[in-house]
Amino acid sequence: MRLLITWGVCLLASLARGQELLQNGGFESLDHWDCYSPFKCSLTTDKHSGDHAMLVENRDHYYQGPSQDLTVTQGGSYVVSGYIKLQNDLGASQNLELEIDFEFPDGTHDYQSAASRSAARVSDGWIHLVGGFTVPSKQLTRVRIYYQGPKEGVNFIVDEMSVTPDSVSTSNVNLDSEIDRLRKSNINIQVTGANSGADVKIRVLQKKKSFPFGTAVAAWAYNDGSKAKYRDFIHQHFNWAVPENALKWPTIEPQRGQKNYEPALTMINGLRSHGIKVRGHNLVWSVDQFVQDWVKALHGDELRQVVKDHIGEAMSRTKGLLEHWDVNNENLHGQFFQNQLNDPSYNLELFRIAHAADPQPKLFLNDYNVVASGGSTYDYREQAKQFKAANVGLYGIGVQCHFGNEELPDAGAIRRRLDVLAEAGVPIWATELDVQAADENRRADFYEAALTALYSHPSVEGILFWGFWDKAHWRGDSAALVAGDNVQLTAAGRRVLELFEKRWMTDETHTVAESGTKFTVRGFHGDYEVQITQGGRTQTQTFTLGKSDQTVNISL
């Protein structure tokens, strides 16, 4: 049952589908907006539309901006939109957000970015923030939306803001039908020969899947001989992998000149020896807290040279071993290198450096809050368009897909956000999938919902978990597929393997007596073995099924 949360004077009619929840979203007065001291708000005629907008000044924290309470429903989804215009740069680009503050009865808060823009400057003029948010499915005492992001001392103007219920329906999309259309092709079986009688059995058995299903791998566990069950699980159930931390610059070179590639290389070679393809993650990471102190101390040409040397060396040491590289991780949420060098285009230069160092690996952007939630979806689309247009070697975009604690992934919202990102015209990989639920069966449902939504989208080329074992998972046992020293399957793990190895794999047996000498099997893409049994004798044929239909001729 969906419960209505109200406070103050709130009209139930405002929850009508598609109807505006905000009051005075056009900022034609100061009414209904809260501006708490020390920052102040005033009207200005420098507006995006109408007669007025709101000028916000005297800010001494990044989170200060005009706010308004909202009336929402538990579990409901909403679309948000607003305009913002910076008045001063303070020498660095700014991150801008429409933020949602959920307050619970125990006094705790959960904050969700509803819309964002990274690396904004005064020269951008009016910036349109657009996105959405989903309300937690538990009791709330207050919900508030507000502008935030620019550093203290940055003034800005806001205008034309809107919050409406998400009225887009996806109930008419059959995800299983989409999976069948995208991930399968026809296998046309033709049987010839005088003895093609009733005792002939033909089994069409998929041996390997071509679609990438992978996982992040912890080098400390993979390289430990006592953790063989962890390593064996990876070899048995995944066809792609990504080092979780072993290839990150702070791991390789925590102190200047003290480098260690061996744990990563040992793991990568082990994975490849078992037929597993590997992504590289990551060359640099722009979020300040993940930049080494010794790198933070560098400036100008020295910083540029050190970064270039690191990228060249990392790509040289892994040459021929990796299929992909995440070049500048989470650049929507951090611009350390651009700001340190006062060069907004340096993120493009990083791709040029990587592509020149080794043109073989496919280069990716990689970021969060773009599919599991929607605060940065539109910003990410625009960034991908920029990189594609700049012709710097971008192949695709990674979407991290870390879903909230006890949050059932919304298939409709996932697909809509993927649709937005697909407008950039580059492939999408789900690079870091995890869900979180204490109950194993709920966790199984959550993983199935997320996997089905991702697998059914035409722009998604691969899906990787961000770990699977409770002893090597950044979110612990509530996100795990397997648990304990014996790597025992949880209910979530059983569900995932049922999807990967039964529901989304093909294994059909036909008899000539029932199916005739010509019949069609609809099969998932991958490597196949056809087993023909007659009179107690079995012969086999092999083939690979791709996006085109395949004809298999059987002569008895």
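Residues numbered from 1 in each chain as written. Predicted model: local features only at pLDDT ≥ 70, side-chain atom pairs only at ≥ 80, totals over all residues. Heavy atoms only, no water.

### Some details on the side chain of glutamine 400
Of note, glutamine 400 is situated in the loop between strand S17 (394-399) and strand S18 (402-405). With sequence-adjacent residues up to four places away left out, glutamine 400 is seen in contact with Asn329, Glu330, Asn366, Asp367, Tyr368, Thr431, Glu432 and Leu433. (Helix = DSSP H or I, 4+ residues; strand = E, 2+ residues; numbered from the N terminus. Contact = heavy atoms within 4.5 Å.)

### Some details on the pairing of strand S16 (residues 362-367)
Each regular strand displays side chains that alternate between the two surfaces of the sheet. For S16, the buried fraction is high: five of the six residues fall into the buried class. In the sheet, S16 pairs with S17 via five bridges, with the strands oriented parallel. Looking at S17, one finds that asparagine 366 is bridged to glycine 398. As a crossover connection, the stretch from S16 through helix H10 (residues 377-390) into S17 is right-handed. (Buried < 20%, exposed > 50% of the residue type's maximum accessible area, 1.4 Å probe, protein only. Pairing = 2+ DSSP bridges. Right-handed = clockwise from strand over helix to strand, strands pointing away.)

### Looking at the side chain of arginine 381
With respect to the secondary-structure elements, arginine 381 resides in helix H10. If we skip the residues at most four places from it in the chain, arginine 381 touches Val420, Leu421, Glu423 and Ala424.

### A look at the sheet that holds strand S1 (residues 40-44)
Read across the open sheet, the five strands follow the order S1-S2-S9-S4-S7; overall the sheet is antiparallel. Each of the sheet's edge strands pairs with one partner strand only, and the pair in question is S1 and strand S7 (127-134). Taking each pair of neighbouring strands and ignoring which way they run, the sheet shows an average axis angle of 30°. Both strand S4 (residues 77-86) and S7 contribute to a ladder of eight bridges, which runs antiparallel. Opposite glycine 82, over in S7, you have leucine 129 as the bridge partner. (Axes fitted to C-alpha atoms, helices over the stretch in contact; angles between N-to-C directions.)

### Description of the pattern of salt bridges
Counted by the stated rule, this structure contains 27 salt bridges. Across the salt bridge formed by aspartate 343 and arginine 304, the nearest N and O atoms sit 3.1 Å from each other. You can see aspartate 343 sitting in the loop between helix H8 (336-341) and helix H9 (346-357) and its partner arginine 304 sitting in helix H7 (residues 300-317), a full 39 residues away along the chain. For arginine 304, a relative accessible area of 30% translates into the label partly exposed. Connected via shared salt-bridge partners are Asp445, Glu448, Arg495, Glu498 and Arg503. (Salt bridge = Lys/Arg side-chain N within 4 Å of Asp/Glu carboxyl O.)

### Some thoughts on the sheet that holds strand S10 (residues 184-192)
Pairing within the open sheet is mixed, and its three strands lie in the order S24-S10-S27. Of all strands in the sheet, those with a lone pairing partner are strand S24 (518-524) and strand S27 (550-555), marking the two edges. For this sheet, the mean inter-axis angle between neighbouring strands, taken without regard to orientation, is 25°. In terms of strand pairing, S10 meets S24 through seven bridges, oriented antiparallel. Residue pairing in the sheet places lysine 184 in a bridge with phenylalanine 524 of S24.

### Re the layout of surface pockets
Here the second largest pocket is characterised by a volume of approximately 960 Å³. Along the walls of the second largest pocket sit 38 residues, with Lys209, Ser210, Phe211, Pro212 and Asn239 positioned nearest its centre. At the level of secondary structure, the elements contributing two or more residues to the lining of the second largest pocket comprise helix H1 (175-183), strand S11 (201-209), helix H3 (228-237) and strand S20 (460-465). Residue composition of the lining of the second largest pocket, by class: 16 nonpolar, twelve polar and ten charged. (1 Å grid on protein atoms, 1.4 Å probe; cavity = no way out; pocket = protein on both sides within 12 Å on 5 of 7 lines; lining within 4 Å. Points joined across faces, edges and corners; volume = space filled by probe spheres on them. Nonpolar A, V, L, I, M, F, W, Y, C, P; charged D, E, K, R; others polar.)

### Let's talk about the environment of phenylalanine 446
Along the chain, the position of phenylalanine 446 falls in helix H12 (residues 440-455). With 36 residues separating them in the primary sequence, phenylalanine 446 and aspartate 410 have C-alpha atoms 9.2 Å apart. Apart from the residues within four sequence positions on either side, phenylalanine 446 is in contact with Glu406, Glu407, Leu408, Pro409, Val435, Gln436 and Ala437.

### Focus on the confidence of the model for the chain
Here the chain averages 93 in pLDDT, while 95% of its residues score no lower than 70. Between residues 1-17, whose pLDDT stays under 50, and residues either more than four places distant or in other chains, the model counts 38 contacts. (pLDDT = per-residue confidence, 0-100.)

### Regarding empty space enclosed by the protein
Scanning all chains against the criterion turns up one cavity of 30 Å³ or more. Estimates place the volume of the largest cavity at around 40 Å³. Along its surface, the largest cavity is lined by Trp249, Pro250, Val284, Trp285, Phe290, Val291, Gln292 and Phe337. Where the lining of the largest cavity is concerned, the elements lending two or more residues are helix H4 (249-252) and strand S14 (277-285). Residue classes in the lining of the largest cavity are distributed as seven nonpolar, one polar and no charged.

### Some remarks on the packing of H9 against H10
Two numbers describe how H9 lies on H10: the axes approach to 11 Å, and their chain directions differ by 50°. The angle between H9 and H10 places the two elements in the oblique class. Between H9 and H10 the crossing geometry is right-handed. Contacts from Asn347, Leu348 and Phe351 of H9 reach H10 at Gln386, Phe387 and Ala390. When its residues are assigned to classes, the contact of H9 with H10 shows four nonpolar, two polar and no charged. (Parallel < 35°, antiparallel > 145°, perpendicular 65-115°, else oblique. Left-handed = near helix turned anticlockwise from the far one by under 90°.)

### Comments concerning the nonpolar core
Counting residues in each nonpolar core, the largest one holds 116 residues, and the members touching the most others are Ile202, Tyr230, Leu433 and Ile463. It is H12 that contributes the most residues to this core, eight residues altogether. Membership of the second largest hydrophobic core comes to 35 residues, among which are Cys41, Ala114, Leu129 and Phe133. (Core = buried A, V, L, I, M, F, W, Y, C linked by side-chain atoms within 4.5 Å.)

### Side note on the pairing of strand S6 (residues 109-120)
Where strand S5 (residues 94-103) lies against S6, nine bridges are found, and the strand directions are antiparallel. Of the residues in S6, the one forming a bridge with aspartate 101 is tyrosine 111. Linking S5 to S6, which pair antiparallel, is a turn of five residues; within it glycine 107 sits at a positive phi near 90°.

### Things to note about the packing of aromatic side chains
The tally for this structure, following the rule as stated, stands at 26 aromatic pairs. When the ring of phenylalanine 27 is compared with that of tryptophan 33, the centres are 4.6 Å apart and the planes differ by 20°; the resulting orientation is stacked. Residue phenylalanine 27 shares its accessibility class with tryptophan 33, and that shared class is buried. Judged by centre distance (5.7 Å) and plane angle (55°), the ring pair of phenylalanine 364 and tyrosine 395 falls under tilted. With phenylalanine 364 in strand S16 and tyrosine 395 in strand S17, this residue pair connects regions lying 31 residues apart in the sequence. What makes phenylalanine 364 buried here is its relative accessible area of 0%. Ring pairing ties together the aromatic residues Phe211, Phe213, Tyr230, Phe233, Phe238, Tyr447, Tyr455, Phe465, Phe468, Trp469, Phe500 and Trp504, which thus form one cluster. (Phe/Tyr/Trp six-rings, centres within 6.5 Å; stacked < 30°, edge-to-face > 60°.)

### Observations concerning H1
Of all the positions in H1, only Leu175, Glu178, Ile179, Leu182 and Arg183 are classed as buried. Down the axis of H1, the buried set is contained in an arc of 100°. They therefore lie on one face. Buried positions along H1 lie against S10, helix H11 (411-422), H12, S20 and S24. N-capping of H1 is provided by asparagine 174, with a side-chain oxygen placed 3.1 Å from the backbone N of aspartate 176. (Arc of directions from axis to C-beta. Polar contact = N/O pair within 3.5 Å; in protein donor to acceptor, adjacent residues only side chain to side chain.)

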